[in-house]
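Fold and contact review
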Amino acid sequence: MDEKPDVTSPRELNALFQKYGLQPRRHMGQNFLIDANIVRKIVNAAEIKTGDAVIEVGPGAGALTLSMARKRARLLVIEIDRGLTRLLGDLLEPWPQVTILEQDALHVSWDKQVEQIKPGQGNIKLISNLPYKISGPFMYNLFKAKFPFSMAVLMFQKEVARRLVAGPGDPDYSTMSVLCRYYCEGKILFDVSKNVFFPRPKVGSAVLKLVPRRKDLTGKEEKLLWEIVQGAFQQRRKTILNSMDRLFDISRNRLTELLEKVPLSPAARPEELSVGEFAKLTRITYNYLNKAN
Ligand code: SAM
């Protein structure tokens, strides 16, 4: 066993922060895991094995990172805070298979990072205890990149986790839920108490597992799917016919015919539509637009 500090021990974490002149920074969403059992549960959920290629976002003081490095995973960790990357550099020195990237995870090119850690085909896992503030834009970026992972195990604020896995009829069902369902199959694995973090956050968390789904639409159709879904949920009380009418220069009669082909009632509300129905509506609309022009 290596002799690195136990960063899930509040006393040892504090001593490390003092050594590096650091303090948790609220605006960077820094709430560090101080429970070895939760760390174990997250890493086990990702089924990390020797040689796995893993990208971790926001490694912080290395609670999850150390555990995965000890399992001999090949890691690329992306951390925005310079103080923490300094600390991580020392902490992870015994594991040359860990690469630390000091960068804003909202500005990374996922294609490039995936290629860097695993050139060519291969399974890449994503793991993160995500800073709450960036979870929305972060997920949209992953979906834009077509979710290039074999699996992701991510911790979110409970409400965000629920929104991601919500289905038709749920009050939380939204643009993010439809896109998440289009790109992935998601499941909330377990809730995490506020008490296992330092400092203690205001909100509870949940760990979510996502695996990619087969995508049914072409790249161009996917662009249209985003437009239709975002347009529909911008005014979720409107009927799908009215949303489509606002989005496209197509007569209401023709739109009604397109909806009936799905088949969908023109009076349906966006919150009632499944991802399959949104996808079918997209393909039918795309074909119509490209025949008409
Ligand atoms: N993984 C550690 C743990 O579980 O103890 C820390 C989790 S803490 C909730 C979030 C981490 O993400 C912090 O280390 C923070 O500095 C980092 N972070 C915040 N915004 C970031 C961004 N835009 N890009 C990369 N890292 C970010």
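One can find the structure itself at the top, above this paragraph.
Note that the structure is predicted; figures quoted are calculated from it, not measured. (Residues numbered from 1 in each chain as written. Predicted model: local features only at pLDDT ≥ 70, side-chain atom pairs only at ≥ 80, totals over all residues. Heavy atoms only, no water.)

**Quick look at the environment of Arg-40**
To keep things clear, this is the line we draw: Only DSSP runs of H or I covering at least 4 residues are called helices, and only runs of E covering at least 2 are called strands; the numbering of each starts at the N terminus. In this scheme, a residue with accessible area under 20% of its type's maximum is buried, one over 50% is exposed, and one in between is partly exposed, where area comes from a 1.4 Å probe on protein chains only.
The topology assignment puts Arg-40 in helix H2 (residues 36-45). According to the relative accessible area criterion, Arg-40 is partly exposed, its value standing at 47%. Distance from Arg-40 to Leu-64, taken between C-alpha atoms, is 8.2 Å for residues 24 residues apart in sequence.

**Re the packing of aromatic side chains**
What counts here: Here a Phe, Tyr or Trp ring, Trp counted by its six-membered ring, pairs with any other such ring whose centre lies within 6.5 Å, and the pair is stacked when the planes are under 30 degrees apart, edge-to-face when over 60, and tilted otherwise. In this scheme, the term charge over a ring applies when either NZ of a lysine or CZ of an arginine sits within 6 Å of the ring centre and within 35 degrees of the ring normal.
Overall, the coordinates contain nine aromatic pairs when judged by the stated rule. The interplanar angle of 85 degrees and the centroid separation of 5.9 Å between the aromatic rings of Trp-110 and Phe-138 together place this pair among those described as edge-to-face. Separated by 28 residues along the polypeptide, Trp-110 in helix H5 (residues 110-117) and Phe-138 in helix H6 (residues 135-144) bring together distant segments of the chain. The exposure classification of Trp-110 matches that of Phe-138, with both residues buried. Linked through ring pairs, Trp-110, Phe-138, Phe-147 and Phe-149 together constitute an aromatic cluster. Cation over ring: Lys-41 sits above Phe-190, and NZ or CZ is 4.2 Å from the ring centre.

**Quick notes on the packing of helix H10 (residues 240-247) against helix H11 (residues 252-261)**
What counts is decided by this rule: Only the stretch in contact is used when a helix axis is fitted, and all axes are lines through C-alpha atoms; the angle between N-to-C directions ranges over 0 to 180 degrees. The cut-offs work like this: below 35 degrees is roughly parallel, past 145 is roughly antiparallel, 65 to 115 is roughly perpendicular, and the gaps in between are oblique. Crossings are sorted by hand: turned counterclockwise from the far helix by less than a right angle, the near helix makes the crossing left-handed, and turned clockwise it makes it right-handed. Contacts are assigned to residue pairs with any non-hydrogen atoms lying within 4.5 Å of each other. By the convention adopted, Pro, Cys, Tyr, Trp, Phe, Met, Ile, Leu, Val and Ala count as nonpolar, Lys, Arg, Asp and Glu as charged, and the other residues, Gly among them, as polar.
In the contact formed by H10 and H11, the axes pass within 10 Å of each other and the chain directions differ by 125 degrees. When the interaxial angle is binned, H10 and H11 end up oblique. The chirality of how H10 crosses H11 is right-handed. Taking contact as the criterion, the partners of Ile-240, Leu-241, Asn-242, Met-244 and Asp-245 in H10 are, on H11, Arg-252, Leu-255, Thr-256 and Leu-259. Considered class by class, the residues forming the contact of H10 with H11 number five nonpolar, two polar and two charged.

**Observations regarding the pairing of strand E4 (residues 98-102)**
Worth spelling out the cut-off: In short, DSSP must find at least two bridges between two strands for them to pair. By definition, the crossover connecting two strands over a helix is right-handed if that path, from the first strand to the second, turns clockwise as seen with the strands pointing away from the viewer.
One ladder, built from five bridges, connects strand E3 (residues 74-79) with E4; its direction is parallel. Residue pairing for E4: Glu-79 is matched across the bridge by Glu-102. With helix H4 (residues 82-91) bridging E3 and its parallel neighbour E4, the resulting β-α-β unit is right-handed.

**Let's talk about the state of the cysteines**
Stated formally: The disulfide definition used here is simple: a pair of cysteine sulfur atoms within 2.5 Å.
Within this structure, the stated rule accounts for zero disulfides. Of the cysteine sulfurs around Cys-180, a residue in no disulfide, the closest is that of Cys-184, at 4.9 Å. Looking at Cys-180, the relative accessible area reads 2%, which means it is buried.

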